[in-house]
Amino acid sequence: MLFFGGSITDRNERSASFQAEFVAKGLGKLKVEKVTLVGLSYGGIVGFKMAELYPELVKSIVVSATVVELTQSISSDFYKKFGFTRWSDLLMPETIGDMKRLFSFGFHKFPWLPNFVYRHFLEVSHELSF
């Protein structure tokens, strides 16, 4: 997906529809005719949107930890409850504290880990992004 793995665009749009279009066009350039999509979290939202917009491309879809559509009200409620101003504040951690906070959302009782583990995740994610 766009903005993951260091990809960028000069377009201002940041919606799931935009991501679905971007992925579908990429698959088209690779001459892929049918896909089984696997989406986790935001990837699931984009997968649902792809299935809606490109039914001839999407054979099946498997999702986990996602909602059917990320509405403005879902985002607003989340921002208010957890003190964020945008999703990237959570999903693109810059510090060890940010990384701990991100991991805390995925687990009911996340086990204690030493800081070097979080630091490693940060280093690897930044290497993959640039």
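Note that the structure is predicted; figures quoted are calculated from it, not measured. (Residues numbered from 1 in each chain as written. Predicted model: local features only at pLDDT ≥ 70, side-chain atom pairs only at ≥ 80, totals over all residues. Heavy atoms only, no water.)

A.B. asks: Give a description of helix α2 (residues 42-53) that names residues and reports values.
C.D. replies: End to end, α2 covers 17 Å across twelve residues, agreeing with the expected 16 Å (1.5 Å per residue, within 8%). Every buried residue of α2 is accounted for by Tyr42, Gly43, Gly44, Ile45, Val46, Gly47, Lys49 and Met50. Looking at the buried residues of α2, the elements they touch are α1 (16-29), β1 (35-40) and β2 (58-64). (Helix = DSSP H or I, 4+ residues; strand = E, 2+ residues; numbered from the N terminus. Expected span 1.5 Å × (residues − 1). Buried < 20%, exposed > 50% of the residue type's maximum accessible area, 1.4 Å probe, protein only. Contact = heavy atoms within 4.5 Å.)

A.B. asks: Break down unusual backbone geometry for me, with residues and values.
C.D. replies: The phi torsion at Lys31 lies on the positive side, around 65 degrees, for a residue other than glycine. Of note, Lys31 is situated in the loop between α1 and β1. The phi angle at Ala65 is positive, at roughly 55 degrees, despite the residue not being glycine. Following the sequence through the fold, Ala65 ends up in the loop between β2 and α3 (72-82).

A.B. asks: Can you lay out the packing of α1 against α2 for me, pointing to particular residues and giving the numbers?
C.D. replies: Closest axis-to-axis distance for the α1/α2 pair is 8 Å, and the angle between their directions is 70 degrees. Taken together, the axis directions place α1 and α2 in an arrangement best described as roughly perpendicular. Across the interface between the two elements, Ala16, Ser17, Gln19, Ala20, Val23, Ala24 and Leu27 of α1 pack against Tyr42, Ile45, Val46, Lys49, Met50 and Leu53 of α2. Considered class by class, the residues forming the contact of α1 with α2 number ten nonpolar, two polar and one charged. (Axes fitted to C-alpha atoms, helices over the stretch in contact; angles between N-to-C directions. Parallel < 35°, antiparallel > 145°, perpendicular 65-115°, else oblique. Nonpolar A, V, L, I, M, F, W, Y, C, P; charged D, E, K, R; others polar.)

A.B. asks: So what about the pattern of salt bridges? Which residues, and what values?
C.D. replies: All chains considered together, the criterion is met by six salt bridges. Between Glu21 and Arg11 there is a salt bridge; the shortest N-O distance is 3.6 Å. Placement of Glu21 in helix α1 and of Arg11 in the segment before α1 is noted, with a sequence separation of ten residues between them. Here Asp89 and Arg86 are joined by a salt bridge, their closest N and O atoms 3.4 Å apart. The class for Arg86 is partly exposed, based on a relative accessible area of 48%. One salt-bridge network, in which partners are shared between bridges, spans Arg11, Glu13, Glu21 and Lys25. (Salt bridge = Lys/Arg side-chain N within 4 Å of Asp/Glu carboxyl O.)

A.B. asks: Describe the environment of Tyr79, naming the residues involved and giving the relevant values.
C.D. replies: With respect to the helices, strands and loops of the structure, Tyr79 is situated in helix α3. In this structure Tyr79 touches Phe84, Thr85, Arg86 and Trp87, once residues within four positions along its chain are discounted. Of the polar contacts made by the side chain of Tyr79, one reaches the side chain of Trp87; its length is 3.4 Å. (Polar contact = N/O pair within 3.5 Å; in protein donor to acceptor, adjacent residues only side chain to side chain.)

A.B. asks: I'd like to hear about the pairing of β2, residue by residue, with values.
C.D. replies: Looking at chain direction, β1 and β2 are connected through six bridges and run parallel. Each residue of the ladder has a partner; that of Val35, found in β2, is Val58. Viewed along the sheet, the connection from β1 through α2 into β2 turns out right-handed. (Pairing = 2+ DSSP bridges. Right-handed = clockwise from strand over helix to strand, strands pointing away.)

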